[in-house]
Amino acid sequence: MIDLSGKAAIVTGGASGIGRATAMRLASCGASVVVADLDGDLASVVAKEIAGAGGTALAVEVDVTSAAGVGAMAALAEEQFGRVDIVSCSAGYTHRPQGCLDLDEAAFARTFDVNVKGAWLSARAVVPALRRAGGGAITITGSVMGERTRPGFSAYAPSKAAANHLARTLALELAVDAIRVNAVAPVATETPMLPRFLGLDDPEGARERFVASIPLGRLAEAQDVADAIAFLSSDEARFITGIVLPIDGGRSI
């Protein structure tokens, strides 16, 4: 069993989907958790759920595209818990599937701002605290689409390729500080963001096509991803850094 007792974690995008499942999972392993999200009210709900289950959590409203915002988040986490050991960059954004000529510039920019800049700012903000803790683990939520793309996602897929590669780059840069950095790369996942992937025209048909492309015969669950993040954040993964771990039921084979 993964034991994160005595450790403190920050989970961005922690109010829903993969982030929520990750916050709950890390807390169940004994970590104190900062549930950070743009939706502060929903983050508070998750923090209360963790507390109700016997864990320790703090809700923080934050825009991960703001350097000042994530800096304040990191400072509050260290002030509240005395240290930061684990960071899960799970905040994400996607656009609906559409051709590049139909995708507007604002959606393209927002996708990169959250998925790449947000992960970079969040990771950078916590490095000083991780150094003071003697090291730690950062996990960035990328996507299998960052490794194997598909039509209609000309902003999302490249943003996730960048997120995957950001993890590899930071792993090399921060190894000297005993900070491990990895990425998880889920396939389409049962989260509130899934309808954006499926699109408006034929969502059930799109779901069937997604499932048909996955050898294990289903979409990912948020818990599948959260379990992997908990492992990568633990001492059991102490010699693992710089990987992009597919959580895709064999989709990328």
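So, a few notes on the structure that sits alongside this text. If you're wondering where the values come from, they're calculated on a predicted model, not measured in any experiment.

Examining the side chain of Ser-122
Point 1. Considering the arrangement of structural elements, one finds Ser-122 in helix H4 (residues 105-132).
Point 2. Within polar-contact distance, the side chain of Ser-122 engages the backbone oxygen of Gly-118 at 2.8 Å.
Point 3. With sequence-adjacent residues up to four places away left out, Ser-122 is seen in contact with Thr-12, Val-64, Val-70 and Cys-89.

Overview of the pairing of strand E5 (residues 136-141)
Point 1. Here E5 lies mainly inside the structure; 6 of its 6 residues are buried.
Point 2. The alternating pattern of E5 places Gly-136, Ile-138 and Ile-140 and Ala-137, Thr-139 and Thr-141 on opposite faces, both of which are buried.
Point 3. Note: strand E4 (residues 86-89) against E5, 4 bridges, orientation parallel. When the bridges of E5 are listed, Ser-88 appears paired with Thr-139.
Point 4. Across 6 bridges, the pairing between E5 and strand E6 (residues 179-186) is parallel. By the bridge assignment, Thr-139 is partnered in E6 with Asn-182.

Digging into the sheet that holds E4
Point 1. Taken in spatial order, the 7 strands line up as E3-E2-E1-E4-E5-E6-E9 in an open sheet, and their pairing is parallel. The strands lining the two open edges of the sheet, one partner per strand, are strand E3 (57-61) and strand E9 (244-247). When strand polarity is set aside, the average angle formed by the axes of neighbouring strands in this sheet is 20°.
Point 2. For strand E1 (residues 8-12) and E4, the ladder comprises 4 bridges, and the chain directions are parallel. Pairing of Thr-12 across the sheet is with Cys-89, part of E4.

Analysis parameters
Residues numbered from 1 in each chain as written. Predicted model: local features only at pLDDT ≥ 70, side-chain atom pairs only at ≥ 80, totals over all residues. Heavy atoms only, no water. Helix = DSSP H or I, 4+ residues; strand = E, 2+ residues; numbered from the N terminus. Polar contact = N/O pair within 3.5 Å; in protein donor to acceptor, adjacent residues only side chain to side chain. Contact = heavy atoms within 4.5 Å. Buried < 20%, exposed > 50% of the residue type's maximum accessible area, 1.4 Å probe, protein only. Pairing = 2+ DSSP bridges. Axes fitted to C-alpha atoms, helices over the stretch in contact; angles between N-to-C directions.

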